[in-house]
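For reference, the chains in residue letters:
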Amino acid sequence: MRLRISVFLVVALMLLVGTTQAQDDLRVLATTSIVADVAQNIAGDLLTVDTLVPLGADTHAFEPSTADAARVAEATLLLTVGAGYEGFLGDLLENVGADTVQVIVVSNGVEILAFSDGHDDEHADSSAEAEDEHEGDDHHLGVLGGDLECAADEHEAADEAHAEEDHEHGACDAHVWTDPANVVIWANNIADAFSAADPANASLYRANADAYIAQLEALQEEIDALMAGVPEAARIIVTNHEFLGYFAYAYGFEVVGTVLPGATTDAEPNPQELAALITLIQAEGARGIFAEVSANSQLAEVVAQEAGIAVVTTLYSESLSPADGPAPTYLDYMRYNAQAIASALTG
Ligand SMILES: [Zn+2]
């Protein structure tokens, strides 16, 4: 009898250990705090999602350490934005050995926009009227993971060359999360990835994703109402580096130029480019310059002062804020940015 009980106990214990083991074995790492927050909502308390790029850091300038490489090597799933956003990823995965970690591109299925052409030649020789309207599908490059792949080096190419080839083929703008509709796609992709890795809990991941998507839809309604208060004529803006393309497209804004040339935050404009931007701002009637907390915004302030328009230097772009800041979650991040943009353009 005693033997039977202990056998029963051992089997029961093995079953229990077996269940928790499955989830402990599943180590989820996300490249950025924004991806990690969305993923944690879908993981609920089943999984812990860690972040690779430190909070507040600029993903465009991120250089992984050997400790970072070790964290990637230990991960089961690596959740990435994709579309060429994580320029550091190719070398990192090569060092780690690509077989050990499964890379999930959460933006697969998103309609990718091209970076707009920035503030140089393009705008100087075209009439303001022509630029006023959306150019419709000209901005759409294709569906990521479907008919479109965006190489990581396109991001840099847009920055360095910023000419002929990139204009023709269009470099992918990877800042897809500035439109919550794209984060609905993220949520579905993440739920699918978690379910594939941990099928026993598939229905829980699905339920968590559905609950989070309901919050994203409420967020969209909130932003719609906020933007309804921004006059059409005030929806012409300039950004520090180009990170609001999807937001602009979704809410009827036009980004007529950027302070920093190209797609990343590591390039600096020359004096002629700055002078051309000020002329452009006046010609297009742009109302505000929007800069991100993670990059140097001194030039944005100088340009805004010269052009006599509003400047906001506290938007969040690549990262969430710390827990005690204004944007500790993706939902807060969008609310905070949308409110700052609306109040600068209506105030
Ligand atoms: Zn960026």
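Worth saying up front: this structure is predicted, and the values here are computed from it rather than measured. (Residues numbered from 1 in each chain as written. Predicted model: local features only at pLDDT ≥ 70, side-chain atom pairs only at ≥ 80, totals over all residues. Heavy atoms only, no water.)

So what's going on with the state of the cysteines? Residues and values would help.
A full pass over the atoms with the stated rule returns one disulfide. At a sulfur-sulfur separation of 2.0 Å, the disulfide partner of cysteine 150 is cysteine 172. Disulfide cysteine 150-cysteine 172: torsion about the S-S bond near -80°, hence left-handed. Linking cysteine 150 in the loop between strand S6 (140–143) and helix H7 (152–160) with cysteine 172 in the loop between helix H8 (164–169) and helix H9 (180–197), this pair joins segments that are 22 residues apart in sequence. You'll find cysteine 150 and cysteine 172 in the same group, each marked buried. (Disulfide = S-S within 2.5 Å. Helix = DSSP H or I, 4+ residues; strand = E, 2+ residues; numbered from the N terminus. Buried < 20%, exposed > 50% of the residue type's maximum accessible area, 1.4 Å probe, protein only.)

I'd like a rundown of helix H12 (residues 271–284), residues and numbers included.
Its 14 residues place the ends of H12 20 Å apart at the C-alpha level, agreeing with the 20 Å of an ideal helix rising 1.5 Å per residue. Residues Leu274, Leu277, Ile278, Leu280, Ile281 and Glu284 constitute the buried set of H12. The buried residues of H12 occupy an angular sector of 160° when projected down its axis, which confines them to one face. Opposite the buried face of H12, by more than 90 degrees, sit the exposed residues Pro271, Gln272, Gln282 and Ala283. Once H12 ends, the next one or two residues include glycine 285, with phi positive near 70°. (Expected span 1.5 Å × (residues − 1). Arc of directions from axis to C-beta.)

Any chance you could break down the sheet that holds strand S9 (residues 288–292) for me, citing the residues and the numbers?
To summarise the sheet geometry, strands pair through backbone hydrogen bonds and adopt either a parallel or an antiparallel arrangement. Taking strand neighbours across the sheet as the criterion, the four strands line up as S8-S7-S9-S10 in an open arrangement whose pairing is parallel. In the strand order of this sheet, the two ends are held by strand S8 (254–258) and strand S10 (310–315), each with one partner. In this sheet, adjacent strand axes meet at a mean angle of 30° when their direction is disregarded. This element, helix H13 (residues 298–307), spans S9 and S10 of the sheet and lies at about 160° to S10. (Pairing = 2+ DSSP bridges. Axes fitted to C-alpha atoms, helices over the stretch in contact; angles between N-to-C directions. Contact = heavy atoms within 4.5 Å.)

I'd like to hear about the coordination of the zinc ion, residue by residue, with values.
Donor atoms from the polypeptide that bind the zinc ion are His60 (NE2), His175 (NE2), His241 (NE2), Glu318 (OE) and Glu318 (OE), placed at 1.9 to 2.6 Å. All donors of the zinc ion belong to a single chain; written as a sequence motif, their spacing is H-x114-H-x65-H-x76-E. Pair noted here: histidine 241 is in the loop between strand S7 (236–239) and helix H11 (245–251) and glutamate 318 is in the loop between S10 and helix H14 (330–346), with a separation of 77 residues, a long-range link. (Donors = N, O, S within 2.8 Å, 3.2 Å for Na, K, Ca; no water.)

Go over the nonpolar core with me, naming the residues and quoting the values.
Nonpolar side chains in soluble globular proteins tend to end up buried together. With 72 residues, the main nonpolar core has Trp186, Phe194 and Tyr330 as its most contacted residues. If you tally residues by element for this core, the top one is H14, at nine residues. Looking at this core, you find at least three residues from each of domain 1 (2–109 + 180–217) and domain 2 (115–135 + 151–171 + 231–315). Ignoring any residue separated from it by four or fewer positions in sequence, one finds tyrosine 330 in contact with Ile34, Asp37, Val38, Trp177, Asp179, Pro180, Val183, Tyr212, Leu216, Leu219 and Leu320. Listed in part, the 17 residues of the second largest apolar core include Val259, Leu280, Ile289 and Ala300. (Core = buried A, V, L, I, M, F, W, Y, C linked by side-chain atoms within 4.5 Å. Domains from an automatic or database assignment.)

Explain unusual backbone geometry to me, using residue names and the numbers behind them.
Although it is not a glycine, alanine 83 sits at a positive phi angle of roughly 60°. With respect to the helices, strands and loops of the structure, alanine 83 is situated in the loop between strand S3 (77–80) and helix H4 (89–96). Taking relative accessible area as the criterion, alanine 83 reaches 6% and is therefore assigned buried.

Describe the confidence of the model for the chain, and please don't skip the residues or the numbers.
Mean pLDDT over the chain: 85, with 80% of residues reaching 70 or higher. Counting interchain partners and residues more than four positions distant, the pLDDT-below-50 stretch residues 118–136 has 29 contacts. (pLDDT = per-residue confidence, 0-100.)

So what's going on with the sheet that holds strand S2 (residues 49–51)? Residues and values would help.
The strand order across the open sheet formed by four strands is S2-S1-S3-S4, and the pairing between neighbours is parallel. On the outer flanks of this sheet lie S2 and strand S4 (102–105), each paired with one strand and no other. Looking at each pair of strands side by side, their axes are set apart by 30° on average, direction ignored. Of the pairings in the sheet, the one linking S3 to S4 comprises four bridges and is parallel in character. When the bridges of S4 are listed, leucine 77 appears paired with glutamine 102. The strands that H9 touches are strand S1 (28–30), S2, S3 and S4; relative to S3, the one it contacts most, it runs at about 175°.

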